[in-house]
Amino acid sequence: MKAWIADQYGPPDALRWGDAPVPEPGPDEVRVWVQAVSINPYDWHIYRADPWIVRPSFGWRSPGGLVVGADVTGVVNAVGANVSGVSVGDRIAGMVRAGALAEQAVVRADAAAQVPVSLTAAQAAALPMTSLTALHGLEGARLQEGASVLVIGASGGVGHMAVQIARALGAARVVAVASGARQPMLEGLGADRVIDYRTASVRDCGEKFDVIYDTVATESLLRLRHLLNDDGVYAPAGAVGGGKLLGPAWAMARTQLQKPLAHVRTAPVSARLRGCGPDLARVMAWTEDGTLTPVIERVYPWGDAREAFTRLEEGHVGGKLVLSVSPT
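For every chain, the first residue of its written sequence is number 1, and the numbers climb from 1 along that sequence. For a predicted model such as this one, the threshold for reporting local features is a pLDDT of at least 70, and the threshold for listing and counting side-chain atom pairs is 80 or more; totals across whole chains, interfaces and linings nevertheless cover every residue. For the side-chain quantities, the full set of heavy atoms in the structure was used; hydrogens and water were omitted.

Enquirer: Looking at this structure, how should I read the sheet that holds strand β4 (residues 66-67)?
Expert: Working definition: the strands of a sheet are paired by backbone hydrogen bonds and lie parallel or antiparallel to each other. When DSSP locates at least two bridges between a pair of strands, those strands are taken to pair. Each helix corresponds to a stretch of at least 4 residues labelled H or I by DSSP, and each strand to a stretch of at least 2 residues labelled E; elements are numbered beginning at the N terminus. Pairing within the open sheet is antiparallel, and its three strands lie in the order β2-β1-β4. Edge positions in the sheet fall to β2 (16-19) and β4, since each of these pairs with one other strand and no more. Note: strand β1 (residues 2-6) against β4, two bridges, orientation antiparallel. Its bridge partner being in β4, I5 is matched across the sheet by V67.

Printed below as a string of structure tokens:
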């Protein structure tokens, strides 16, 4: 089969379109003909080995012919011996550690969910990593009915999901921080107020919140703590920058170091892969009934993966980027 392969660490131009072995599903896995794949910063952090801490997991010197990609939707063509509730011919979406950008991909059955008929392949592929990062983060912050939520970095893949999922979980007020150009999009997704970080500082917003969900970590916890209500929670979900050693993980480390000084509760965010199927099914249901809308900035043809990753690395994507695949 054909796939997008990283033979060495480097920029998108180093990715190779070539032959890869057809993966065989294990007892707890299913294999799909891939229809669409959405891409995430997670992907380029791996194929660039940026930060360096990815190397122990994917190869110290090179990724060794790794098929890249984590979010996938497709039609099941093989089912592992221990899998129940999924059959050949079903359309599913799921999240994998790597291997999505191929004609066929293997997904753990407990990390996938059935795709409703009303959803396109691109919509389904846009959901797994970003929506689960938002959902798990907001639930980890113990968001309550009637809460006020601040989402910093609200127009990106995770951020625009967090705005909507906060609403779905019962938030009474959602304030978004993004560029002013994204204001119409975010208001359409349910934000009550959009703060343009280019012309105003969120530190001066004049409000307090029960949850601060931060996808960029351009402000430290110590500089944001005055925006939290008593018993409020700061949830760092990533960072821009961070250096070659830790990358986005530096935000988590900085938060933990500052937590004793800030005297606030924190809930570091990550998307859980194993067992995430029921949560992904919940997200699919929200998308089907209109509660959640995955914003897709652009759908690229399968052959334009390098161009799509180059756009992703530029930053400031409005929502998600998707690669559309025609199954063999």
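Enquirer: How do you make sense of the sheet that holds strand β13 (residues 228-236) when you look at a structure like this?
Expert: Across the sheet, which stays open at both edges, the six strands sit in the order β11-β10-β9-β12-β13-β14 with parallel pairing between neighbours. Across the chains shown, the open sheet's two edge strands, defined by having one partner strand only, are β11 (193-196) and β14 (265-266). The sheet contact formed by strand β10 (residues 173-178) and β11 spans four bridges and is parallel. Counterpart to V177 in the pairing with β11 is I195. Each of β9 (148-152) and β12 (209-214) touches helix α4 (residues 128-140); the most contacted strand, β12, lies at about 145 degrees to it. Relative to β10, helix α5 (residues 157-168) is tilted by about 170 degrees, and along the sheet it contacts β9, β10 and β12. By definition, residues are in contact when any of their heavy atoms lie within 4.5 Å. All axes here are fitted lines through C-alpha atoms, helices being fitted over the stretch that makes contact, and every angle between N-to-C directions spans 0 to 180 degrees.

Enquirer: Even after reading the chapter, I still don't get the environment of D19, so can you show me in this structure?
Expert: Mapping D19 onto the fold places it in strand β2. Whether a residue is buried, partly exposed or exposed follows from its accessible area with a 1.4 Å probe, protein chains only, as a fraction of its type maximum: under 20%, in between, or over 50%, in that order. Classification of D19 as exposed rests on a relative accessible area of 55%. Taking the C-alpha atoms as reference points, D19 and I5, 14 residues apart in sequence, are found 8.6 Å from one another. If near-sequence neighbours (up to four positions away) are discounted, D19 is found in contact with M1, K2 and I5.

Enquirer: I tried to follow the pairing of β12 on my own but got confused; where do I start?
Expert: Side chains on a regular strand alternate between the two faces of the sheet. Across the six residues of β12, five count as buried, placing the element largely inside the fold. Relative to β12, β9 runs parallel, the two being bridged by four bridges. Each bridged residue has a counterpart across the sheet, and for V149 the counterpart in β12 is V211. Strand direction decides the pairing type here: β12 and β13, joined by five bridges, are parallel. Across the sheet, residue D214 finds its bridge partner in β13, namely P236.

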